[in-house]
Amino acid sequence: MVNKKKDTTVIVGGGHAAGTLLTALLQKKYQHEVVLVSDEPHPPYQRPPLSKSYLAGEVDQSSLYLKPRSVYENAGQQLRLGVRVEGIDRYAKSIKLSDQSTLKYDRLVLATGSHVRRLKAPGSDLKGIHYLHDIADTDALRNQLVPGKRLVIVGGGYIGLEVAASAIKKGVNVTVLEAAERLMQRVTGPEMSTFFYAKHTAAGVDVRLGTAVTGFEAGDKGRVAGVTLADGGNVPADIVLVSIGVIPETTLAENAGLLCDDGIVVDEFTRTDDRDILAIGDCTRHRNLFFEKMQRLESVANAVDQARTAAATLMGEEMPYDSAPWFWSNQYDVRLQMVGLSQNHDQRVLRGTTNDKGFAVFYLLEGSVIAVDAVNLPIAFMVGKQLVQQRKSVSADALSNRDIELKSLI
């Protein structure tokens with residue numbers, strides 16, 4: 001009897017999506033060869049702590065790993081680390097690697113994630129200007145954060161504010177420059193923006209809104225010494241972190257001729273327009289049964305859920321991805337939990353006040369709850385998840401009335 005040769009599934013990437021897919025395939029007892037290729041030297045790891053607990057020195061590097069490398073290898077999964085994929089030959093069903101070798105695949109999964117958006121401005125190549133996306137970035141930044149140093153953060157989104165909270169606690173002088181009129185404007189409503197502005201300023205962070213950056217000034221030995229502003233002003237700096245968003249990593253997919261549109265386009269089963277290639281995580285623009293339009297989400301929850309769907313697809317199962325997106329951020333003693341997408345809301349309802357220990361904002365569209373932001377109020381987040389998933393219609397009075405238990409609204 002001749003044993004049939006096992007197919008090979010290659011996963012490209014080393015983040016949460018790739019790691020979750022490896023684990024899901026193990027749990028499902030996937031019978032084919034699995035090879036993960038990542039240009040980083042680490043096994044798949046989680047990125048959220050990079051701007052929080054890992055930057056603060058509260059956890060070590062190994063705690064970031066989703067699993068030790070040995071777990072994958074003992075189960076027969078191969079990890080090719082520190083090697084970059086340079087091209088995909090869809091017709092030969094092979095990928096070219098930076099060590100000049102090639103790797104054949106039967107199924108290919110792209111979990112290439114995203115890369116940081118660079119600020120192209122005079123002086124942007126000076127020493128001391130940082131971006132934060134991987135372990136090496138955090139290591140380099142953390143070494144600079146010593147008491148008395150002046151850190152200027154360009155961008156008032158999640159990561160910039162999380163770094164501000166960590167740095168100010170270390171005795172670093174922190175200035176946040178945000179071009180928009182409020183913090184986290186892209187992802188949350190004005191109540192939350194105002195709350196976090198007050199939180200950061202009370203901690204000693206100099207937050208400047210409506211402030212555009214036009215360049216960087218050089219000091220000694222090619223190091224940054226200041227940040228120049230559109231209004232002609234200058235903010236002195238010893239260290240700069242630029243945190244102005246990310247761009248989906250689609251170069252491999254585009255060069256291979258796969259359909260891309262601000263992300264690799266996939267269906268609700270994570271399939272690209274090539275039946276043998278899937279894509280998951282931050283790099284994708286996907287069909288989610290929860291939304292009418294294609295979405296690109298930058299979140300751990302999306303990476304995990306898409307990875308599980310991809311595992312089902314590889315197993316020949318039909319498990320469409322239709323989860324409500326959710327996000328979180330830790331800043332100081334605040335845990336912000338968010339579910340849904342609030343951008344198109346036509347009504348906001350505040351439960352509690354921003355002076356309370358915990359409060360929440362519910363976002364409605366035509367009477368239905370489409371998103372919830374909860375500060376130190378996990379019950380609002382948990383109930384909100386179900387309200388959003390069900391597209392539940394709830395009155396503003398019921399949402400705001402704290403005498404009515406939130407669980408009763410489900």
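Each remark here, short or long, concerns the structure printed above.
Criteria and thresholds
Residues numbered from 1 in each chain as written. Predicted model: local features only at pLDDT ≥ 70, side-chain atom pairs only at ≥ 80, totals over all residues. Heavy atoms only, no water. Pairing = 2+ DSSP bridges. Helix = DSSP H or I, 4+ residues; strand = E, 2+ residues; numbered from the N terminus. Axes fitted to C-alpha atoms, helices over the stretch in contact; angles between N-to-C directions. Contact = heavy atoms within 4.5 Å.

Colleague: Hey, could you run me through the sheet that holds strand E13 (residues 213–218) in this one?
Modeller: One key point about sheets: their strands pair by backbone hydrogen bonds, in either a parallel or an antiparallel sense. In space, the 3 strands of this open sheet follow the order E13-E14-E15, with antiparallel pairing throughout. Two strands bound the open sheet, and with one partner strand each, they are E13 and strand E15 (234–236). Strand-to-strand twist in this sheet, taken as the mean axis angle between neighbours without regard to direction, amounts to 25°. Alignment of strand E14 (residues 224–229) against E15, held across 3 bridges, turns out to be antiparallel. For Thr228, the partnering residue across the bridge sits in E15 and is Asn234.

Colleague: Looking at this model, I keep getting lost on the sheet that holds strand E12 (residues 206–208). Mind explaining?
Modeller: A sheet is described by the order of its strands in space; here 5 strands give the open sequence E9-E16-E10-E11-E12, paired in parallel fashion. The sheet terminates laterally at strand E9 (129–130) and E12, the two strands that pair on one side only. Sheet analysis places strand E10 (residues 150–154) next to strand E16 (residues 239–242), joined by 4 bridges and oriented parallel. Pairing of Leu151 across the sheet is with Ile239, part of E16.

Colleague: Even after reading the chapter, I still don't get the side chain of Ser38, so can you show me in this structure?
Modeller: With respect to the helices, strands and loops of the structure, Ser38 is situated in strand E2 (residues 33–38). Sequence-distant contacts of Ser38, that is, excluding residues within four places in its chain, are made with Gly13, Gly14, Arg80, Leu81, Gly82 and Val83.

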